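Each chain is listed here by its residues.
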Amino acid sequence: MTDSKYFTTTKKGEIFELKAELNSDKKEKKKEAVKKVIASMTVGKDVSALFPDVVNCMQTDNLELKKLVYLYLMNYAKSQPDMAIMAVNTFVKDCEDPNPLIRALAVRTMGCIRVDKITEYLCEPLRKCLKDEDPYVRKTAAVCVAKLHDINAQLVEDQGFLDTLKDLISDSNPMVVANAVAALSEIAESHPNSNLMDLNPQTINKLLTALNECTEWGQIFILDCLANYTPRDDRESQSICERVTPRLSHANSAVVLSAVKVLMKFMEMLPKDLDYYGTLLKKLAPPLVTLLSAEPELQYVALRNINLIVQRRPEILKHEMKVFFVKYNDPIYVKLEKLDIMIRLASQANIAQVLAELKEYATEVDVDFVRKAVRAIGRCAIKVEQSAERCVSTLLDLIQTKVNYVVQEAIVVIKDIFRKYPNKYESVIATLCENLDSLDEPEARAAMIWIVGEYAERIDNADELLESFLEGFHDESTQVQLQLLTAIVKLFLKKPTETQELVQQVLSLATQDSDNPDLRDRGYIYWRLLSTDPVAAKEVVLAEKPLISEETDLIEPTLLEELICHIGTLASVYHKPPSAFVEGSRGVQHKRLPGSAGSGESESPDAGSAGGVSEAPPAVIPSQGDLLGDLLNLDLTPPTATGPPPPSSGMQMGAMDLLGGGLDSLLGGDLGGSPAMGSGFGGPPAAMPASFSAPVSGGLDDLFDLGGGVGMPMGAYSPPKTIWLPAMKAKGLEILGTFARRAGVIQMEMTLTNKAMSVMSDFAIQFNRNSFGLAPAGPLQVLTPLSPNQSIEVALPLNTVGPIMKMEPLNNLQVAVKNNIDVFYFSCQYPISMLFVEDGTMDRQVFLATWKDIPNDNEAQFQIKDCHLNSDAASNKLQGSNIFTIAKRTVEGQDMLYQSIKLTNGIWVLAELKVQAGNPNFMVSLKCRAPEVSQCVFQSYEAVLKN
């Protein structure tokens with residue numbers, strides 16, 4: 001008989017009848033009654049009134065009955081905590097039952113009862129189960145620790161359960177090891193700074209041994225844990241890869257992806273000339289290809305992960321193009337994803353077969369798929385130059401089909417091909433113009449208008465074509481209106497006599513009849529340009545355009561690194577970091593790939609905890625969407641003090657220099673941040689000194705600085721303010737700034753000036769990851785709105801607990817400032833002297849031992865020219881910036897100062913300064929375990945001594 005009978009309703013007084021049956025002497029009747037109770041509970045009836053009667057049934061040897069009672073208990077313990085205490089004795093007893101299944105059942109249920117009153121009673125039984133002789137009980141107890149930690153973390157730590165859990169990693173049973181790893185990982189995720197998973201080569205060895213023998217989910221836990229380990233060198237990296245590789249042939253796709261994640265991470269540390277590196281690349285392809293023969297949902301997840309892998313290492317799948325060809329019965333989401341990967345893998349070697357496939361796809365019935373296929377042909381033309389001609393002729397064939405949406409997509413991509421290969425394929429313009437009347441989508445209309453405006457001199461009736469668009473100007477979308485305005489201005493500059501009336505008409509429509517501020521502003525700019533200086537207008541409007549880049553949709557490098565570390569998780573499917581979609585993501589750790597083989601490792605403790613400073617300089621501040629989200633969620637707390645700026649000899653303020661060459665990817669490639677931008681805005685502004693001039697007034701510090709600093713030590717050196725963000729690049733917001741260290745607090749001191757016509761408010765600030773983890777310690781305090789032509793002084797306190805990533809140069813800081821108008825980006829360089837801490841005096845003996853201990857290869861020597869100070873004055877001046885003289889000796893008329901510096905991240909720099917009376921040139925030798933900081937430290941020496 002089936003269990004459905006328990007769900008049928010019974011007569012009146014149901015609870016009363018059940019109560020009588022639960023207290024029956026007959027075991028069978030009792031079991032039937034409990035089943036009825038569970039059935040009622042499942043369909044949502046309130047049977048909490050039977051709590052004491054059900055709990056009485058716990059005293060039984062029948063495992064099935066016990067499970068049912070425990071199920072009831074888990075459900076109602078929260079609403080009846082006082083009653084639930086009655087069950088504690090039975091738990092304690094069951095944890096000592098001779099049957100291991102009952103012991104495990106008791107400990108599992110204990111973990112599920114989330115009632116504070118009960119948890120303390122469960123510690124003793126749990127402690128016994130963690131050391132139980134039966135591995136099944138131990139593995140269940142391991143998971144129970146994680147559940148208990150979620151209810152009461154302090155209790156778990158006080159009772160020493162975490163240490164017991166760590167000991168279980170050395171357990172003889174692989175499933176116990178896997179569950180211990182899973183529990184520790186779970187706890188570590190909610191407490192990212194706890195360093196629970198103290199991974200070392202011995203632990204890793206134990207995990208790898210257990211990996212071969214535990215269940216598939218156990219293997220996933222262990223592989224995910226291995227992915228968080230950073231090997232000491234390439235040999236250890238290779239050894240781990242060799243032991244993980246067999247998992248690639250596992251039947252479970254989750255195990256395969258977890259293994260791929262570990263290998264992708266550890267490959268970063270293998271030298272590329274190593275034979276094993278090539279072997280590993282070959283081994284990674286077959287398992288990924290196999291994943292594509294699974295059901296569509298799994299294929300989609302595999303394809304999203306492959307998309308990331310191909311962006312990082314296209315060589316893995318470069319010979320596997322055919323598996324990404326679309327099958328007729330693939331669902332649309334799989335087809336679109338395959339198309340994306342085909343384009344990423346397209347190269348000169350396989351472009352012919354790719355184009356043949358794409359042409360075939362363009363005749364399919366699915367509209368979205370056809371559109372993407374046509375777009376893909378254009379992307380192939382831009383990516384593989386040799387194929388451009390073939391791609392253009394394919395697109396022309398497709399235009400001849402006269403299928404409306406195919407024609408429109410083809411015109412959009414041909415516009416991009418013109419941008420990539422100017423003066424090469426313009427012969428096709430006539431064919432495009434024939435299809436003008438059929439265009440009804442904004443993007444296609446805008447593309448066609450751009451083509452007509454750009455090549456107006458080659459099109460006899462360009463004015464008629466544009467005039468036809470002008471008739472319904474107000475019904476067009478903004479994108480088309482803006483493009484039409486620009487195209488007609490271009491046409492006017494090329495054929496002024498014939499099109500004067502047309503340009504006046506469009507300027508009037510844009511400025512007087514439109515209520516769109518973007519359109520109006522652009523109209524006024526063109527109007528003023530044309531009326532004041534037509535030659536300048538020609539130079540601006542008809543300037544040579546930069547070529548567009550090959551891959552405009554690549555994931556930004558730092559984000560890609562993070563996503564590679566999350567292969568096989570939701571993050572790899574969404575292509576977003578966990579912090580973007582996990583609620584309460586404060587606990588989410590940002591993961592990084594390790595530095596590549598042979599890269600210098602920083603000795604800094606902070607850098608170590610962040611998984612090593614990444615070697616790759618960042619291409620760009622995180623994507624604009626992320627920044628906006630983060631900026632709007634800033635934690636707003638008041639600031640306390642002020643900070644110092646950068647030693648930059650002639651720091652460039654051009655858009656390219658500011659963002660490390662990444663403005664185009666930052667703004668999606670369309671807003672002119674491509675290479676030519678640097679040429680237009682590249683020179684340093686007049687207000688920026690090539691080297692540091694007199695320091696900003698430091699109040700009392702300057703008052704006592706009478707004779708070059710022979711007396712008491714002066715305050716820390718703070719450079720003068722320089723323009724960080726010119727008004728022309730920030731819609732009227734100008735930012736001058738510097739950094740200072742005052743009373744041990746690093747401060748960013750800024751002057752914000754509103755040079756626009758509207759009021760500015762709602763200011764906020766955010767930093768990109770940087771070499772020393774600099775981050776705002778509070779919000780940007782602009783308490784009143786900034787009126788036009790008003791300036792305000794702001795001091796932003798900084799701390800050094802932000803995320804770390806090695807920058808180029810090391811002291812580069814990328815900043816995003818938001819106000820009610822927009823988000824603006826700039827970069828500046830801070831003098832490393834503001835990171836010199838006040839407790840940087842090293843003991844003489846320690847200094848001597850450390851100097852000898854640091855390899856001579858790490859010593860760097862520099863000359864400081866034109867410095868007219870004696871050794872005492874120099875020592876005093878340097879001490880004001882926390883460069884401490886440990887000892888001084890004189891050898892043959894030359895003073896030798898031995899000095900120590902400690903940075904905020906714990907790196908020590910030792911220095912020997914040679915000062916000879918009458919010689920204005922000083923010699924400084926710097927020794928440090930992280931030699932990359934030496935250049936910046938020298939710049940600080942020079943800046944402090946010369947100012």
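In the annotation of an unreviewed UniProt entry, the entry for the protein chain reads AP complex subunit beta, and the organism field reads Solea senegalensis. Under the Sequence similarities (unreviewed entry) heading, UniProt states for the protein chain: "Belongs to the adaptor complexes large subunit family."

**Here's the deal with the overall build of the protein chain**
For the protein chain, the helix and strand inventory stands at 42 helices and 13 strands. Sorting the 947 residues of the protein chain into buried and exposed places 51% on the buried side. Restricting to contacts in the protein chain with at least 6 residues of sequence separation, those with at least 24 account for 69%. A total of about 42,600 Å² of accessible surface is found on the protein chain, and carbon and sulfur atoms cover 51% of it.

**Comments concerning unusual backbone geometry**
The amide bond that connects Glu-808 to the next residue, Pro-809, takes the cis arrangement and shows omega of -5 degrees. With respect to the helices and strands, Pro-809 occurs in the loop between strand E6 (791-799) and strand E7 (812-818). In this structure, Asn-882 is a non-glycine residue whose phi angle is positive, near 65 degrees.

**Topic: the pattern of salt bridges**
As enumerated under the stated definition, the model contains 39 salt bridges in all. Ionic pairing is found between Glu-268 and Arg-312, a salt bridge with its closest N-O pair at 2.9 Å. Of the two residues, Glu-268 is situated in the loop between helix H17 (253-267) and helix H18 (275-291) and Arg-312 in helix H19 (residues 296-312); the sequence distance between them amounts to 44 residues. A network of salt bridges, in which partner residues are shared, links Arg-371, Arg-375, Glu-409, Glu-441 and Glu-443.

**Things to note about helix H41 (residues 871-879)**
Within H41, seven of the nine residues are buried, which leaves the element mostly enclosed by the surrounding structure. The set of residues buried in H41 consists of Ser-871, Ala-873, Ala-874, Ser-875, Asn-876, Lys-877 and Leu-878. Summarising the contacts, the buried residues of H41 are in contact with strand E10 (884-891), strand E11 (894-902), strand E12 (908-916), strand E13 (922-928) and helix H42 (934-946). The backbone nitrogen of Asp-872 lies 3.2 Å from a side-chain oxygen of the residue at the head of H41, namely Asn-870.

**Notes on the packing of helix H27 (residues 462-470) against helix H29 (residues 500-511)**
For the pair H27 and H29, the least separation of the axes is 11 Å and the interaxial angle reads 25 degrees. By the angle between their axes, H27 is roughly parallel relative to H29. In this structure, H27 meets H29 at a crossing whose hand is left-handed. Taking contact as the criterion, the partners of Asp-463, Glu-467 and Leu-470 in H27 are, on H29, Leu-502, Gln-505, Val-506 and Leu-509. Residue composition of the contact of H27 with H29, grouped by class: four nonpolar, one polar and two charged.

**Considering the environment of Leu-736**
Mapped onto the fold, Leu-736 is located in strand E2 (residues 733-742). Assessed through its relative accessible area of 22%, Leu-736 is described here as partly exposed. The sequence separation of Leu-736 and Thr-753 amounts to 17 residues, and the corresponding C-alpha distance is 8.4 Å. Discounting residues that sit within four places of it in the chain, Leu-736 has contacts with Lys-721, Thr-722, Ile-723, Trp-724, Glu-749, Met-750 and Thr-751.

**Structural notes on the sheet that holds strand E8 (residues 823-829)**
A sheet is described by the order of its strands in space; here three strands give the open sequence E4-E7-E8, paired in antiparallel fashion. Of all strands in the sheet, those with a lone pairing partner are strand E4 (764-767) and E8, marking the two edges. Within this sheet the neighbouring strands show an average axis-to-axis angle of 25 degrees, counted without direction. As paired strands, E4 and E7 are joined by four bridges and run antiparallel to one another. Bridge pairing in E7 places Ala-764 opposite Lys-818.

**Side note on the packing of aromatic side chains**
Summed over all chains, the structure comprises twelve aromatic pairs. The interplanar angle of 40 degrees and the centroid separation of 5.2 Å between the aromatic rings of Trp-724 and Phe-739 together place this pair among those described as tilted. With Trp-724 in strand E1 (residues 722-725) and Phe-739 in strand E2, the pair connects residues that are 15 residues apart, well separated along the chain. With respect to burial, Trp-724 and Phe-739 carry one shared label: buried. With a centroid separation of 6.3 Å and an interplanar angle of 75 degrees, the aromatic rings of Phe-847 and Tyr-898 are classed as edge-to-face.

**Some thoughts on the side chain of Asp-97**
Among the structural elements, Asp-97 can be located in the loop between helix H6 (88-94) and helix H7 (100-112). Although Asp-97 is buried, it forms no salt bridge, and the closest oppositely charged side chain is Lys-66 at an N-O distance of 6.0 Å. Engagement of the side chain of Asp-97 in a polar contact is seen with the backbone nitrogen of Asn-99, the distance being 2.8 Å. In this view, Asp-97 contacts Ile-102 and Arg-103; residues no more than four positions away in its chain are not counted.

**Some words on the nonpolar core**
Residues Tyr-72, Leu-126, Val-244 and Phe-418 are the most contacted members of the largest nonpolar core, which totals 210 residues. Beyond its immediate stretch of four places on either side in the chain, Tyr-72 contacts Val-37, Ile-38, Met-41, Val-47, Ser-48, Leu-50, Phe-51 and Val-54. Residues Ile-765, Leu-774, Phe-922 and Val-944 belong to the second largest nonpolar core, which totals 66 residues.

**A short note on the sheet that holds E11**
Pairing within the open sheet is antiparallel, and its five strands lie in the order E9-E13-E12-E11-E10. With one partner strand each, in any of the chains shown, strand E9 (859-864) and E10 form the two edges of the open sheet. Pairs of neighbouring strands in the sheet enclose a mean axial angle of 20 degrees, with direction left out of account. Both E12 and E13 contribute to a ladder of six bridges, which runs antiparallel. Looking across to E13, one finds that Leu-913 is bridged to Val-924. In this fold helix H40 (residues 844-853) packs onto E9, E10, E11, E12 and E13, with an angle of close to 95 degrees to the strand it touches most, E12. Strand contacts of H42: E9, E11, E12 and E13, with the helix running at about 25 degrees to E9, the strand carrying the most contacts.

**Examining the confidence of the model for the protein chain**
On average, the protein chain scores 79 in pLDDT, and the residues at 70 or more come to 84%. In the predicted structure, residues 597-713 sits below a pLDDT of 50 and forms 248 contacts with residues beyond four places in sequence or in another chain.

**Observations concerning a nonpolar patch on the surface**
Together, Leu-570, Tyr-574, Phe-581 and Val-582 give the surface a local cluster of nonpolar side chains, amounting to about 350 Å² of exposed area. Looking at the secondary structure, you find Tyr-574 in helix H33 (residues 570-574).

**Some thoughts on a negative patch on the surface**
On the surface, Glu-464, Glu-467, Glu-471 and Glu-501 cluster together into a negatively charged patch. Tracing the chain through its elements places Glu-501 in helix H29.

**A few points about the environment of Pro-776**
Within the element layout of this structure, Pro-776 appears in strand E5 (residues 775-776). When the C-alpha atoms of Pro-776 and Gln-766 are compared, they prove to be 7.1 Å apart, with ten residues separating the residues in sequence.

**Observations concerning helix H14 (residues 201-211)**
Residues Thr-203, Ile-204, Leu-207, Leu-208, Ala-210 and Leu-211 constitute the buried set of H14. Down the axis of H14, the smallest arc covering the buried residues is 160 degrees, so these residues share one side. The inward-facing, buried residues of H14 abut helix H13 (174-190), helix H15 (216-226) and helix H16 (234-244).

**Things to note about the environment of Leu-223**
Tracing the backbone shows Leu-223 in helix H15. Given a relative accessible area of 0%, Leu-223 falls into the buried group.

**What to know about the pairing of E12**
Note that E11 and E12 share nine bridges and pair antiparallel. The partner of Ser-900 across the bridge, within E12, is Leu-910. As consecutive antiparallel partners, E11 and E12 are separated by five residues, and within that stretch Gly-906 has a phi angle of approximately 90 degrees, a positive value. What sits between E12 and E13 in their antiparallel hairpin is a turn of five residues, with Gly-918 showing a positive phi close to 85 degrees.

Definitions and limits used
Residue numbering note: each chain is counted from 1, following its sequence as written. Where totals are concerned, whole chains, interfaces and linings use all residues; where local detail is concerned, this predicted model gives features only for residues with pLDDT of at least 70, and gives and counts side-chain atom pairs only at 80 or more. By convention in this description, side-chain values take in all heavy atoms of the structure and omit both hydrogens and water. UniProt positions are given in the numbering used here, feature names are shortened, and annotations may be inferred rather than shown by experiment. Each helix corresponds to a stretch of at least 4 residues labelled H or I by DSSP, and each strand to a stretch of at least 2 residues labelled E; elements are numbered beginning at the N terminus. Accessibility here uses a 1.4 Å probe with only protein chains present; expressed as a share of the type maximum, an area under 20% marks a residue as buried, one over 50% as exposed, and anything in between as partly exposed. In what follows, residue pairs with any heavy atoms lying within 4.5 Å of each other are defined as contacts. For every accessible area listed, the method is Shrake-Rupley and the probe measures 1.4 Å; residues are considered covered only by the protein chains on display. For this document, the term salt bridge refers to a Lys or Arg side-chain nitrogen within 4 Å of an Asp or Glu carboxyl oxygen. The term polar contact refers here to a pair of N or O atoms within 3.5 Å; inside protein, the definition further demands a hydrogen-donor-capable atom paired with an acceptor-capable atom, and it admits residues adjacent in sequence only when both atoms are side-chain atoms. Between the N-to-C directions of two axes lies an angle of 0 to 180 degrees, each axis being a line fitted to C-alpha atoms and, for a helix, fitted only over the stretch in contact. Here roughly perpendicular refers to angles of 65 to 115 degrees, roughly parallel to angles under 35, roughly antiparallel to angles over 145, and oblique to all remaining angles. If you view the pair so one helix is near and one far, a crossing is left-handed when the near helix is turned anticlockwise from the far one by less than a right angle, and right-handed when it is turned clockwise. Polar here means any residue outside two lists: the nonpolar Ala, Val, Leu, Ile, Met, Phe, Trp, Tyr, Cys and Pro, and the charged Asp, Glu, Lys and Arg; Gly therefore counts as polar. At least two DSSP bridges between two strands are required for those strands to pair. Geometry of aromatic contacts follows a simple scheme: Phe, Tyr and Trp rings, the Trp one being its six-membered ring, pair when their centres are within 6.5 Å, and the pair is stacked under 30 degrees between planes, edge-to-face over 60, tilted otherwise. In this tally Asp and Glu are treated as negative and Lys and Arg as positive; neither His nor the chain ends contributes. What is meant by a nonpolar core is a set of buried Ala, Val, Leu, Ile, Met, Phe, Trp, Tyr and Cys residues, joined one to another through side-chain atoms within 4.5 Å. Scored from 0 to 100, pLDDT records how confident the predictor is in each individual residue. Each patch groups residues whose relative accessible area exceeds 30% and which form no salt bridge, using 9 Å between like charges and 5 Å between nonpolar side chains of Val, Leu, Ile, Met, Phe, Trp and Tyr. Charge positions come from single atoms, namely NZ of Lys, CZ of Arg, CG of Asp or CD of Glu. Each C-beta atom gives one direction from the helix axis, and the arc is the one those directions make.

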